[in-house]
Amino acid sequence: MENLNRNAAALPPAQLFDLESQRALDNMMSEATDVLRRLDVSDELMAHVHKRRGWTRKLYPTSGWIRDPELRLLVGTATSMHCLGITLLDDVIDADTALSNRELMAGTEVCVRAYELMARKDVLPLFLADYTDEWLPIWKHVMKEPITDIFDLGAWEKTAAIKAGDIIAFYARFSLAVAGREQEFRILQQVFRAMGVIFTVLNDYLARDRPTEAHSNLFALMQTGRIDRTDVIAMMDDHFDKFERALASVPPEFDFSEPLTGTYHRFRDMLVDGNFDETPKP
């Protein structure tokens with residue numbers, strides 16, 4: 001581990017993120033697979049979980065301000081795994097998969113394994129310290145979102161900022177507490193809200209034809225004329241500007257900006273052209 005950490009420290013910041021996030025992904029899927037096998041879940045649920053591999057690219061950045069590479073990897077893995085479990089429970093709420101709710105409840109045990117990982121480094125108390133005040137309002141919104149119709153861009157942006165941005169920020173608050181840098185959260189909150197909004201644009205594009213999301217999907221709402229695409233472009237520009245400025249003011253240990261930057265530019269070009277035929281890669 002020591003030699004690996006020394007070699008990793010010599011990598012350029014973007015390559016360091018690629019290396020560590022891949023290791024976190026491997027660790028997360030190994031732990032999640034072990035949990036699901038012990039629960040004897042169906043092959044269909046196992047495949048469904050393995051399709052969620054992209055979560056580490058979105059969640060691992062929250063650990064970027066922890067200087068100790070070993071601790072950073074554990075915290076990044078645990079937060080990614082906790083969010084993986086939460087997404088299975090969100091599938092129950094959204095009712096947009098063919099999997100049974102009984103099987104999807106395995107998400108609770110995936111979350112428990114994440115708690116076990118945190119306990120290995122004695123950081124679980126920091127995760128739970130403000131859980132009631134910080135997490136429950138977010139989860140309350142998630143529970144109500146499927147029955148809440150969206151009528152304009154402001155309402156869509158608020159929902160995306162809470163359901164995605166504030167969830168990512170919740171994990172970032174925990175990581176900053178581990179790093180002893182809680183005072184920087186107010187600045188960095190702009191980073192994670194921007195990530196939540198811009199990545200939700202991508203998610204809505206990929207889910208634009210699902211009937212269960214027609215009431216709240218950004219692209220479905222643009223198609224009906226409730227939302228103008230030029231307003232969407234302006235919204236994305238504003239969040240991306242805040243993302244860049246906040247990240248530059250408090251730089252992390254690695255550079256995780258490329259996935260969001262690439263997504264932003266691909267979708268901005270798509271919206272400018274009005275061409276929604278090609279599916280951008282996450």
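Residues numbered from 1 in each chain as written. Predicted model: local features only at pLDDT ≥ 70, side-chain atom pairs only at ≥ 80, totals over all residues. Heavy atoms only, no water.

Student: Got a minute to help me understand the overall build of the chain in this structure?
Tutor: Within the chain one finds 15 helices and 0 strands. With the principal axes as the frame, the chain shows a C-alpha extent of 55 × 45 × 35 Å. Scored against the burial criterion, the 282 residues of the chain give a buried share of 52%. Put simply, of all contacts in the chain between residues at least 6 apart along the chain, 75% involve residues at least 24 apart. (Helix = DSSP H or I, 4+ residues; strand = E, 2+ residues; numbered from the N terminus. Buried < 20%, exposed > 50% of the residue type's maximum accessible area, 1.4 Å probe, protein only. Contact = heavy atoms within 4.5 Å.)

Student: Explain the packing of aromatic side chains here, please?
Tutor: What characterises a pair of aromatic rings is the spacing of the ring centres plus the angle enclosed by the ring planes. On inspection of all chains with the given rule, the structure shows 23 aromatic pairs. Centroid distance F127 to F170: 5.4 Å. Interplanar angle 80°. Geometry classified as edge-to-face. One end of the pair, F127, is in helix α8 (residues 124–128); the other, F170, is in helix α11 (residues 153–179), and 43 residues separate them in sequence. Side by side, F127 and F170 carry an identical accessibility label, which is buried. Seen in terms of ring centroids, Y205 and F267 are 5.6 Å apart; in terms of plane orientation they differ by 75°. Their pairing is edge-to-face. Taken as a pair, Y205 in helix α12 (residues 185–206) and F267 in helix α15 (residues 257–273) lie far apart in primary sequence, 62 residues in all. (Phe/Tyr/Trp six-rings, centres within 6.5 Å; stacked < 30°, edge-to-face > 60°.)

Student: Explain the layout of surface pockets to me, please; I cannot follow it from the model alone.
Tutor: One way to see where empty space is left: roll a probe the size of a water molecule over the atoms. In this model, the largest pocket occupies a volume close to 1,400 Å³. Along the walls of the largest pocket sit 46 residues, with R52, W55, K58, N203 and R210 positioned nearest its centre. A total of 8 residues in the lining of the largest pocket trace back to one element, the largest contributor, which is α12. Grouping the amino acids of the lining of the largest pocket by side-chain chemistry returns 18 nonpolar, 13 polar and 15 charged. (1 Å grid on protein atoms, 1.4 Å probe; cavity = no way out; pocket = protein on both sides within 12 Å on 5 of 7 lines; lining within 4 Å. Points joined across faces, edges and corners; volume = space filled by probe spheres on them. Nonpolar A, V, L, I, M, F, W, Y, C, P; charged D, E, K, R; others polar.)

Student: Explain the side chain of R181 to me, please; I cannot follow it from the model alone.
Tutor: Within the fold, R181 resides in the loop between α11 and α12. A polar atom in the side chain of R181 sits 2.9 Å from the side chain of E184. Beyond its immediate stretch of four places on either side in the chain, R181 contacts W65, R67, L176, V250 and E253. (Polar contact = N/O pair within 3.5 Å; in protein donor to acceptor, adjacent residues only side chain to side chain.)

Student: Help me understand the pattern of salt bridges in this model?
Tutor: Side-chain pairs of opposite charge can arise whenever the charged atoms involved come near each other. Under the counting rule described, the total for this entry stands at 18 salt bridges. For E70, the salt bridge is made with K121, and the minimal N-O distance between the two is 3.4 Å. Taken together, the residues span a long stretch of sequence, with E70 in helix α5 (residues 69–94) and K121 in the loop between α7 (107–120) and α8 at a distance of 51 residues. For K121, a relative accessible area of 36% puts it in the partly exposed group. The network of salt bridges with common partners includes E31, D34, R38, R113, E116 and R120. (Salt bridge = Lys/Arg side-chain N within 4 Å of Asp/Glu carboxyl O.)

Student: Would you mind showing me how to read the environment of P259 here?
Tutor: Mapped onto the fold, P259 is located in helix α15. P259 sits 202 residues away from R57 along the chain, and the two C-alpha atoms are 7.5 Å apart. If we skip the residues at most four places from it in the chain, P259 touches F17, R57 and F199.

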